[in-house]
Amino acid sequence: MPAVHHKLLLEDALQDSPQTRSLLSVFEEDVGMLTDYTNQLLQSMQRVFGAQSEMGLATEQLSKQLLEYEKKNFALGRGDEEVITTLQNFAKTVGELNALHSELANQMADSMVFPLIQFREKDLTEISTLKEIFAIGTDEHEAAMVKYSRLPKKKENEKLKADLVKEVAYTRRKQHQASLQYYCALNALQYRKRVAMLEPMLGYTQAQISFFKKGFELVSKKMDCFLASVSNMTQSIQAQLDSEAEAMRVSHRELLSVEDTVYMPDKDTEPVNRTLIQKAGYLNIRNKTGLVTTAWDRLYFFTQGGNLMCQPRGAVAGGMVLDLDNSSVMAVDCEDRRYCFQITSPSGKTSMILQAESKKEYEEWICTVNNISRQIYLTDNPEAVAIRLNQTAIQAVTPITSFEKRQDGSPNPDRAKPGGVHTTSSGSQKTGVAPEPEDLIAPGTPIQFDIMLPASEFQDQNRTGGRRTNPFGETEDDCSTDTDDSLLQQVFAVRFLGSMAVRCGDNQEVIYEAMRQVLAARAIHNIFRTTEAHLMVTSSSLRLIDPQTQVTRLSFQLGEVCQFAAHQENGRLMGFVVESRDWSDGDEEGEPSFSAFVFESNTEGEKICYTINLAKEITEAKKDPEALAQLMKNMPLTNDGKFLLLEPETGDTTEGAGQEDLESEA
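Everything numeric here is computed off the predicted structure, so don't read it as measured data.

Reading guide: rules and limits
- Residues numbered from 1 in each chain as written.
- Predicted model: local features only at pLDDT ≥ 70, side-chain atom pairs only at ≥ 80, totals over all residues.
- Heavy atoms only, no water.
- Helix = DSSP H or I, 4+ residues; strand = E, 2+ residues; numbered from the N terminus.
- Buried < 20%, exposed > 50% of the residue type's maximum accessible area, 1.4 Å probe, protein only.
- Areas by Shrake-Rupley, 256 points an atom, 1.4 Å probe, with all protein chains shown as cover.
- Contact = heavy atoms within 4.5 Å.
- Pairing = 2+ DSSP bridges.
- Patch = residues over 30% accessible without salt bridge, like charges linked within 9 Å, V, L, I, M, F, W, Y side chains within 5 Å.
- Salt bridge = Lys/Arg side-chain N within 4 Å of Asp/Glu carboxyl O.

Let us look at the overall build of the protein. Counting secondary structure elements, the protein contains 12 helices and 16 strands. Considering the protein as a whole, with its 666 residues, one finds that 40% of them fall into the buried category. When the accessible surface of the protein is split by element, carbon and sulfur atoms take 53% of a total near 38800 Å².

So, in structure tokens, the structure goes:
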């Protein structure tokens, strides 16, 4: 194998021998390999330059992002002051590093990428161009030689011969010039490729060294101190994290070590707290989805400022559902569900039925709403007031079987004697200062929730046609006759809620206080069933009649009714106070005692009060025939001569007379 020369001899260009051509092919193959390698090397260098440029852009964005931390205003940003200050210092440092990275990118572009591009575009492109020129010259010379070789030997044409000789000489000279330039460029490329390979890396290395030097100047001793302080701070935070993580692990183990009853509903071991004035938790609320269909939704409820609030899942804050001031709450039966209770607004127009998860939650919600409805959260010491009212309500529900006088062992044997003049209508004047509840009703007074009379009293009623007689000398002259009752007879469907002894009968506030205590006791002790009755108002008496047996269960003369009123906000509640006499002490007049009766009616309580007031006016007018005639003249009368007031209220309850226990909506 002949030796490969590293240089093309220019003297051999004119002869253009096969040996020269073979050597030329070696140079051309080397140029092709060099071109491929140069392109690959340029791609790598351009990638390095692109990465460095991206590094500059990334550090610039990083510096800006570090400054954005302060502007986020994290809601849980406790202890972020040091972090904000440190990040600002880091942002400044990163900004300076960004300047260095940008300068390094520019140096790479000038001293690494540009020289290699220049080598490819100038030297390698020049070789490729000269190769094409050399090939064209060779082809023209070969064509001229073919023509010259075809000159005829017998018939020589001097002119044609001379032209072909000139053409051969011209193409040979042209090929010689092209080959000389081509050989020179190929020989020079052997040196230029070495420079082209080393110069970019030299520029890259110098740029990196410059970058490192400037970076070292930037990272001075103060930067070392700053980095050391940041390292100490991160170690301190990590120590706090480790301590908090260990505490959470301990708490996690303790919370998981409890009994399974914690996860079970209605397995509460703690006693019911009946003195709460704030409550929160999940409840099921019944919503109407159609005319007769309902749906239950589980929502989070809580009390705040006398209002019942509701906050759905995912909501930022809760919204008010109902104002609990002066509202009423009672346990109810609803769709065969347990632990249901109903909250009704003071006007009675808005009500909602809620369901608690357990009995404890159910009772605490009822007590809390009841405490809030009395507005005790506005007092100076609401907890103490709630405790006192709860004790009073618990003592007040001691069951008794009849309207007998309180025994000597009762919580308050020394009842205050009533004072003032008895009013004869529901529009009595109120005193300037509102009386205290203790002045109206003795604390611990028992409450009766049902009408239960001794058997002898029922026998007396049956013998006397359902009229109650006074065992202490009542005569026929003192009682109203059927003739007197014929002037006014009005029947109302009512539900008996409760009765209790009161201290006075000359103030409507005693009726309101009795209503509050009766409803509170029912709510606390889950007494929500009442007995249906018919309240008959005549011109001489008030009678409570059993709708099933038509037996008069209670009867009071109008003279005994000293006060009556409807609830100021819940118009379906009404009550009256009855005065009786106690002759056990031997006093001729007897010691007066008062009892309050609370009812819930199907109609407005004001209508019942108006009827009672009219009955009293008739009673007074019967003493003067002229006054009675004038009263009958001013009032509309029926065909049989009775006062025309209202349509009978018992039509809707006749069919259900057999069901003594009906659900109250008070």
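Turning our eyes to something else, we now look at the side chain of Ser 63. With respect to the helices, strands and loops of the structure, Ser 63 is situated in helix H1 (residues 18–68). Those residues in contact with Ser 63 that sit more than four places away from it in its chain are Ala 91, Val 94 and Gly 95.

Moving on to the pairing of strand S2 (residues 294–304). Examined bridge by bridge, strand S1 (residues 280–288) and S2 share nine bridges and lie antiparallel to one another. Residue pairing for S2: Tyr 282 is matched across the bridge by Tyr 300. Taken together, S1 and the strand that follows it, S2, pair antiparallel across an intervening segment of five residues. Looking at chain direction, S2 and strand S3 (residues 307–311) are connected through five bridges and run antiparallel. Among the inter-strand pairings, Tyr 300 is bridged to a residue of S3, identified as Gln 311. As consecutive antiparallel partners, S2 and S3 are separated by two residues, and within that stretch Gly 305 has a phi angle of approximately 60°, a positive value.

Below, the discussion takes up a nonpolar patch on the surface. Taken together, Leu 256, Val 258, Val 262 and Tyr 263 make up a surface patch of nonpolar side chains, about 410 Å² in accessible area. Inspection of the secondary structure puts Val 262 in the loop between helix H4 (221–256) and S1. Looking at Val 262, the relative accessible area reads 56%, which means it is exposed.

With respect to the helices and strands, Gln 517 occurs in helix H10 (residues 509–524). Overall, Gln 517 belongs to the buried group, its relative accessible area being 11%. Sequence-distant contacts of Gln 517, defined by excluding residues within four places in its chain, comprise Arg 374, Ile 441, Ile 447 and Met 500.

All we've got here are geometric facts, nothing functional implied.
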